[in-house]
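# Structural overview
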Amino acid sequence: MIKLEKIIYKFIMLLMILIPSFKLISYILYLSGIIENSYDFNHVYVLWFSLPILIILYLVNLIYKKITYVDIIIYFLIILAIISTIFAQDVKISIFGELNRNEGLLTLLNYYFLFLNVKNINEKKYKEKIINLFIILGIVQVIYSILQVYTDFNFIKHFSKSHMAMGLCGNPNFLGSYMVMLVLITSALYLLKNKNIYLILSCLFVLGLYLANSTGPFIGFILALIFLIIFKYKKIKLINLFKLIILFILIFFINDYLVNKKYIEVSTDYRNYNIKYDIVDTITNIKENNKEYNYGSSRFKLWKNLVPIAKEYYLFGAGLDNLKVVYPKDNGLVYDKAHNVYYQILITNGIFALSLYCMLCLIIFIKGFKLKDTFYIALYISFIGYCIQAFGNISVIDVAPYFFVILGLLYSKDNEIVI
């Protein structure tokens, strides 16, 4: 049993390394002119080819483990994903996912079995090593992000809007959701453990969040941090909280000043894609009751336009990753995601899948109030931050696997309900 657990832990670690590694290799091949599109060398193959191994590991583990209610929830989610695929508007897309998104059935199954395997890891030392690896990978992401924004090196792949970092996640929004999890883990560990290494890491990851310049993840981070302060105010030293907040504010304005100095004269998009200006403009337009203003980067308009489609396909969905198939072009723009994880599940996988997914998150949320161990509390706050930012962001293969790993780590063996 211990040997099997060690195999699972090592395989999870390997997956975590391979996902950004493939993305980095794809950027290198693209910038070298070897491939025409950076998606030609796609890291989704890591997920697809690892799926059979994850399934086998989980099935073998059933010999030693009892099935829990959470296992049953995942089984039903798998069944609903298969039903959605069978009746999809485009079955091929539902299986493999939309081009360059790749969140079809094969990918979704990977997420589910990733969670099922991780939750069966009992040794805390393995769990801690998994998070330590996540932190190391995050440091690499921040370093790459700094190079994207502050340098013009030809061997670094830059985002189309150069003042925004995308790291190895393909888009600033995705980097933002990646950094939300990391900055909240390290911030919670600093506030509850009072170790300066976590303060340094928190500052590094909050810089990565700021470099992404994505407002949704930033708001998710702020709200989750407030939740942490309220949730564990008795265990948090005011001096540590003060230092953390002051440093976060200083890093925000220093980074904003430097990026503004570098790009304001050459980028007409700078004001439209900047956290500070986005928040200021939104508040200003709310006060002025400006009905012409596209709140949330037109997300509210998109969500409103998706209502008829949601009503039509609410039962089992239009098919996994099939939103582009059923949603017409909007002034020439093509949307393949609802820019809201929960809305996306409703439209593509149906109301039952959305209910079960929310039930899974609710179970973990409720269990979180009983947590005493600092390590799990940090993961819990990270989980909350991701769930909040998901209201204005999308699930992608660059980030979602790490979220499901955190879900699995949070579902502690001590609180399982077996059947």
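Residues numbered from 1 in each chain as written. Predicted model: local features only at pLDDT ≥ 70, side-chain atom pairs only at ≥ 80, totals over all residues. Heavy atoms only, no water.

With that settled, consider the overall build of the protein chain. Secondary structure assignment for the protein chain yields 18 helices and zero strands. The C-alpha radius of gyration of the protein chain comes to 21 Å, within 12% of the 22 Å expected for a compact globule of 419 residues. Here the C-alpha coordinates of the protein chain stretch approximately 65 × 55 × 50 Å along the principal axes. Within the protein chain, the fraction of its 419 residues that count as buried is 57%. Taking contacts inside the protein chain between residues at least 6 apart in sequence as the whole, the part at least 24 apart equals 76%. (Helix = DSSP H or I, 4+ residues; strand = E, 2+ residues; numbered from the N terminus. Rg over C-alpha atoms; globule rule 2.2 N^0.38 Å. Buried < 20%, exposed > 50% of the residue type's maximum accessible area, 1.4 Å probe, protein only. Contact = heavy atoms within 4.5 Å.)

The next thing to look at is unusual backbone geometry. A positive phi is found at Asn-102, a non-glycine position, where the angle reads about 60 degrees. The topology assignment puts Asn-102 in the loop between helix 4 (91–96) and helix 5 (105–118).

This part covers a nonpolar patch on the surface. On the surface, a nonpolar cluster with roughly 690 Å² of combined accessible area is contributed by Ile-239, Phe-242, Ile-246, Leu-250, Ile-254, Tyr-257 and Leu-258. Inspection of the secondary structure assignment puts Phe-242 in helix 10 (residues 238–263). (Patch = residues over 30% accessible without salt bridge, like charges linked within 9 Å, V, L, I, M, F, W, Y side chains within 5 Å. Areas by Shrake-Rupley, 256 points an atom, 1.4 Å probe, with all protein chains shown as cover. Salt bridge = Lys/Arg side-chain N within 4 Å of Asp/Glu carboxyl O.)

As a further point, take a positive patch on the surface. Among the surface-exposed residues, Lys-6, Lys-10, Lys-125 and Lys-129 lie close enough to one another that they form a single positively charged patch. Every element with two or more residues in the positive patch is listed here: helix 1 (2–31) and helix 6 (124–150). When you line up the elements, Lys-10 lands in helix 1. (Lys, Arg positive; Asp, Glu negative; His and termini not counted. Charge placed at Lys NZ, Arg CZ, Asp CG, Glu CD.)

What follows covers the environment of Leu-250. Within the element layout of this structure, Leu-250 appears in helix 10. Measuring from C-alpha to C-alpha, the distance between Leu-250 and Ile-131 comes to 27 Å, with 119 residues separating the pair along the chain.

A word on the nonpolar core. Residues Phe-221 and Phe-383 are the most contacted members of the largest nonpolar core, which totals 140 residues. Here this core takes 15 residues from helix 7 (residues 172–193), the largest share from any one element. With sequence-adjacent residues up to four places away left out, Phe-383 is seen in contact with Cys-361, Ile-364, Phe-365, Phe-403, Ile-406, Leu-407 and Leu-410. If you look at the next biggest cluster of nonpolar residues, it comprises seven residues, including Tyr-144, Ile-156, Met-164 and Leu-168. (Core = buried A, V, L, I, M, F, W, Y, C linked by side-chain atoms within 4.5 Å.)

So, about empty space enclosed by the protein. In the structure shown here, the tally under the stated rule is five cavities of 30 Å³ or more. The volume enclosed by the largest cavity comes to roughly 310 Å³. Lining of the largest cavity is provided by 21 residues; of these, Glu-103, Leu-108, Val-341, Ile-345 and Ser-395 occupy positions nearest its centre. Every element with two or more residues in the lining of the largest cavity is listed here: helix 5, helix 15 (341–349), helix 16 (351–368) and helix 18 (400–410). Looking at side-chain class alone, the lining of the largest cavity contains 14 nonpolar, four polar and three charged residues. (1 Å grid on protein atoms, 1.4 Å probe; cavity = no way out; pocket = protein on both sides within 12 Å on 5 of 7 lines; lining within 4 Å. Points joined across faces, edges and corners; volume = space filled by probe spheres on them. Nonpolar A, V, L, I, M, F, W, Y, C, P; charged D, E, K, R; others polar.)

This brings us to the packing of helix 2 (residues 44–61) against helix 5. Running from N to C, helix 2 and helix 5 point in directions that differ by 45 degrees, and their axes come no closer than 8 Å. Considering the angle they form, helix 2 stands oblique to helix 5. Pair helix 2 / helix 5 crosses with left-handed handedness. For the pair formed by helix 2 and helix 5, the contact residues are Val-44, Leu-47, Trp-48, Ser-50, Leu-51, Leu-54, Ile-55, Leu-57 and Tyr-58 on the first element and Leu-106, Thr-107, Leu-109, Asn-110, Tyr-111, Phe-113, Leu-114, Leu-116 and Asn-117 on the second. Of the residues that constitute the contact of helix 2 with helix 5, the class distribution is 14 nonpolar, four polar and no charged. (Axes fitted to C-alpha atoms, helices over the stretch in contact; angles between N-to-C directions. Parallel < 35°, antiparallel > 145°, perpendicular 65-115°, else oblique. Left-handed = near helix turned anticlockwise from the far one by under 90°.)

Moving on to the environment of Tyr-9. Along the chain, Tyr-9 turns up in helix 1. Tyr-9 gets classed as buried once you look at its relative accessible area, which sits at 8%. Between the C-alpha atom of Tyr-9 and that of Tyr-39, which follows or precedes it by 30 residues, the distance is 28 Å. Setting aside residues no more than four positions away along its own chain, Tyr-9 makes contact with Ile-121, Tyr-126, Lys-129 and Ile-130.

What follows covers the confidence of the model for the protein chain. The predicted model of the protein chain has a mean per-residue pLDDT of 91, with 92% of residues at 70 or higher. Segment residues 415–419 is flagged for pLDDT under 50; beyond a separation of four residues in sequence, or across chains, it makes 13 contacts in the model. (pLDDT = per-residue confidence, 0-100.)

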